[in-house]
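# Results of the structural survey
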Amino acid sequence: AQTVTQSQPEMSVQEAETVTLSCTYDTSESDYYLFWYKQPPSRQMILVIRQEAYKQQNATENRFSVNFQKAAKSFSLKISDSQLGDAAMYFCAYQGSQGNLIFGKGTKLSVKP
Amino acid sequence: GAVVSQHPSRVICKSGTSVKIECRSLDFQATTMFWYRQFPKQSLMLMATSNEGSKATYEQGVEKDKFLINHASLTLSTLTVTSAHPEDSSFYICSARRWVGDYGYTFGSGTRLTVV
């Protein structure tokens, strides 16, 4: 069975600084997708970024980028120029052949002004 | 585009009664929908996968007779919590898979269920 591990329950970053959230996963599949979702206090799940496993190039969405290391099964999220609105729970998720998403336990990100 | 409407957003019910939660895809057809449960400060746990026109597939440990899922149309899936008890109090979220475009997932805004 696939598993997703987020080892940082909480992280804090100063506004305008850069922070990296860690995620590792375990799978025997070769073709899969990885995601980072943001869940603000409203509890609405918001897609931050998506990575296809077959793509070697790391995905980037504006201030958000990932470091995807397939051999190491690592998928970290870097947030540059952090903003107060980035404060939220961040979940790493895996999607394999079964189609459903498997989530990590989440990292609570605080942004200090 | 790709909006999923989940209703109600909050519901309080008495112990022993049933509650229905609706998840509707507004602008796309969702042949597959997922139901998650989220406890406070915890992650999303998959409860079941529903496919239009067929029986839902439940995750291990989820009581299918308590959590009834119906996916009767391409745009609507419902979760009914039957004979609710206080331990069923939780945040329930639905998600619909898009089978066009980027084949991604769209989440509903969630339902906070409180059983008193």
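Residues numbered from 1 in each chain as written. Chains lettered and ligands numbered in written order. Predicted model: local features only at pLDDT ≥ 70, side-chain atom pairs only at ≥ 80, totals over all residues. Heavy atoms only, no water.

## Some thoughts on the overall build of chain A
Convention followed: Numbered from the N terminus, helices here are DSSP runs of H or I no shorter than four residues, and strands are runs of E no shorter than two. The reference for a compact globule is 2.2 Å times residues^0.38; the radius of gyration itself is calculated from the C-alpha atoms. Residue contacts follow a heavy-atom distance rule, with two residues in contact if any of their heavy atoms lie within 4.5 Å. Surface accessibility in these figures is a Shrake-Rupley result with a 1.4 Å probe; residues are shielded only by whichever protein chains are displayed. Only four residue types enter the charge count: Lys and Arg as positive, Asp and Glu as negative, with His and the chain ends excluded. Where a charge lies is defined by one atom per residue type, namely NZ (Lys), CZ (Arg), CG (Asp) and CD (Glu).
For chain A, the helix and strand inventory stands at zero helices and 12 strands. Helices and strands in chain A line up, N terminus first, as β-β-β-β-β-β-β-β-β-β-β-β. Since a compact globule built from 113 residues should have a radius of gyration of about 13 Å, the 13 Å found for chain A is in line with a globular shape. Of the contacts formed within chain A by residues at least 6 apart in sequence, a portion of 53% connects residues at least 24 apart. Total accessible area on chain A stands at roughly 5700 Å², and carbon and sulfur atoms take up 46% of it. Distance between charge centres in chain A, computed from 11 positive and 10 negative side chains, equals 3 Å.

## Overview of the overall build of chain B
The secondary structure content of chain B amounts to zero helices and 11 strands. Going residue by residue from the N terminus, the α and β elements of chain B occur as β-β-β-β-β-β-β-β-β-β-β. Expressed as lengths along the three principal axes of its C-alpha atoms, the size of chain B is roughly 40 × 25 × 20 Å. Intrachain contacts of chain B at a sequence separation of at least 6 include 53% that bridge at least 24 residues. Only carbon and sulfur atoms are counted for the fraction: they give 52% of the accessible area of chain B, which is about 5800 Å². Treating the 12 positive side-chain charges of chain B as one cloud and the 9 negative ones as another, the clouds have centres 5 Å apart.

## Some remarks on the pairing of strand β6 (residues 46-52) of chain A
All names here are of chain A. Stated formally: By definition, two strands form a pair when at least two bridges between them are found by DSSP.
In the sheet, strand β5 (residues 33-39) pairs with β6 via six bridges, with the strands oriented antiparallel. Note that in β6 the partner of Y37 across the bridge is L47. Here β5 folds back onto β6, and the loop between the two strands holds six residues, one of which, R43, carries a positive phi near 75°.

## Focus: the interface of chain B and chain A
Interfaces are often described in size by the accessible area the parts lose on coming together. The cut-off we apply is this: Take the accessible area each of two parts loses on contact, using a 1.4 Å probe, and add the two losses: that sum is the buried area. For this analysis, a salt bridge means a side-chain nitrogen from Lys or Arg found within 4 Å of a carboxyl oxygen belonging to Asp or Glu. Under this grouping Gly is polar, as are all residues other than the nonpolar Ala, Val, Leu, Ile, Met, Phe, Trp, Tyr, Cys and Pro and the charged Asp, Glu, Lys and Arg.
Taken together, the contacts link 18 residues of chain B with 16 residues of chain A. Between chain B and chain A lies a buried interface of about 1400 Å² when both sides are counted; carbon and sulfur atoms form 51% of it. On the chain B side of the contact with chain A, B:S43, B:Y105 and B:F107 bury the most area, a combined 36% of that side's loss. Put simply, chain B and chain A have zero salt bridges between them. Taken together, the residues of the side of chain B that touches chain A break down into nine nonpolar, six polar and three charged.

## A short note on the state of the cysteines
All names here are of chain A. Put simply, the rule reads: In what follows, a disulfide is any cysteine sulfur pair within 2.5 Å.
Under the definition given, this model contains two disulfides over all chains. Across a sulfur-sulfur distance of 2.0 Å, C23 and C92 are joined as a disulfide pair. Negative torsions about the S-S bond denote left-handed disulfides, and the value of about -70° found for C23 with C92 makes this one left-handed. Here the residue C23 occupies a position in the loop between β3 (19-21) and β4 (24-26), and C92 occupies one in strand β10 (residues 88-95), the gap between them amounting to 69 residues.

## Section: the pairing of strand β5 (residues 44-51) of chain B
Residues and elements named next belong to chain B. Condition: Here's how the labels work: a residue is buried when its accessible area is under 20% of the maximum for its type, exposed when over 50%, partly exposed in between, all with a 1.4 Å probe on protein chains only.
Counting buried residues along β5, six of its eight residues qualify, which places the element largely inside the surrounding structure. Note that strand β4 (residues 32-38) and β5 share seven bridges and pair antiparallel. By the bridge assignment, T32 is partnered in β5 with N51. What sits between β4 and β5 in their antiparallel hairpin is a turn of five residues, with K41 showing a positive phi close to 60°. Bridging between β5 and strand β6 (residues 57-58) involves two bridges; their strand directions are antiparallel.

Any functional reading would require information that these geometric values do not contain.
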